[in-house]
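Coordinate inspection notes
Spelled out from the first residue to the last, the chains are:
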Amino acid sequence: MPKSMYEFRLEESWVQNRGAACTSACVLAALGAMGASGLPDLAASSGFLAGAEYAAPGLLDYVSLPNRRAPLDLKIEALGRGHGVSVSSLTSVVFPGSAQRPNPDEVLIVHLVYGQEAPERYGTWGWHPLIPSSYSTGGHSVVLAALEGEGWMVLDPNRPALQSWPRPGIATAHTRLGLASS
């Protein structure tokens, strides 16, 4: 099975999550693995990506519409350019339960509503479909580094080092980052 060309650089780029900033922590790790330098800390980057320190991007930041790119993609690309790496970012809403697979030339960030919260413990990180206030604080984002049989190898901003998940999480969106063509 081909592995992401960035899989082995992810661990050295890991960023500890704080608050609801898991998406920002994943973006920083991804950009670092792709060669960005001098990246801001999590407080500043989440302020840029989400609008407030240690916050999650708004729900519509993950959504692209006809003739409108997802706002999160534009911000990720700007952050990369500002730190020496030109990336293309494509965030898409995905059908929950659809298979997630990183391509060898990209970093794949999956935005989850269900997955491994800790070894041998699964849950939603506080997200509930009938409680709109949980949309900005529940769920979780991880970098899907590789597939391992039926499971995933992820970089989880809540846990240092690559983590082996025996079964995949359930994503509602994902962000694919690749080096931009010149």
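Bear in mind that the values here come from a model prediction, so they are computed numbers and not experimental data. Throughout, a residue's number is its position along its own chain's written sequence, starting from 1. Only residues with pLDDT of at least 70 get local features here, since the model is predicted, and only at 80 or more are side-chain atom pairs given and counted; chain-wide, interface and lining totals rely on the full set of residues. In computing side-chain values, all of the structure's heavy atoms are included and hydrogens and water are not.

Attention now moves to the pairing of strand β4 (residues 140-148). Along β4, eight of the nine residues are buried, which leaves the element largely enclosed by surrounding structure. When strand β2 (residues 106-118) meets β4, the two strands line up antiparallel, connected through five bridges. The residue of β4 that forms the bridge with I109 is V143. By the bridge criterion, five bridges tie β4 to strand β5 (residues 151-155) in an arrangement that is antiparallel. Burial classes: relative accessible area under 20% of the type maximum marks a residue as buried, over 50% as exposed, and values in between as partly exposed (1.4 Å probe, protein chains only). Only DSSP runs of H or I reaching four residues or more are called helices, and only runs of E reaching two or more are called strands; each is numbered from the N terminus. Think of it this way: DSSP has to see at least two bridges between two strands before they count as a pair.

What follows deals with empty space enclosed by the protein. Using a 1 Å grid laid over the protein atoms alone, points where a 1.4 Å probe fits but cannot get out form a cavity; open sets with protein on both sides within 12 Å along at least 5 of 7 lines form a pocket; any residue with an atom within 4 Å of a point counts as lining. Grid points are joined across faces, edges and corners, and a volume is the space filled by probe spheres set on the points. Taken as a whole, this structure holds one cavity of 30 Å³ or more when the rule is applied. The computed volume of the largest cavity comes to approximately 30 Å³. The wall of the largest cavity is formed by W14, V15, A25, C26, A29, V143, L155, D156 and P157. If you tally residues by element for the lining of the largest cavity, the top one is helix α2 (residues 22-33), at three residues.

Another point: the environment of V15. Along the polypeptide, V15 turns up in the loop between α1 (7-10) and α2. Taking the C-alpha atoms as reference, V15 lies 9.0 Å from D156; in sequence the two are 141 residues apart. Beyond its immediate sequence surroundings of up to four residues, V15 is in contact with A25, L28, A29, L42 and P157. Contact criterion: two residues are considered in contact whenever any of their non-hydrogen atoms come within 4.5 Å of each other.

None of the figures reported here should be taken as evidence of function without further support.
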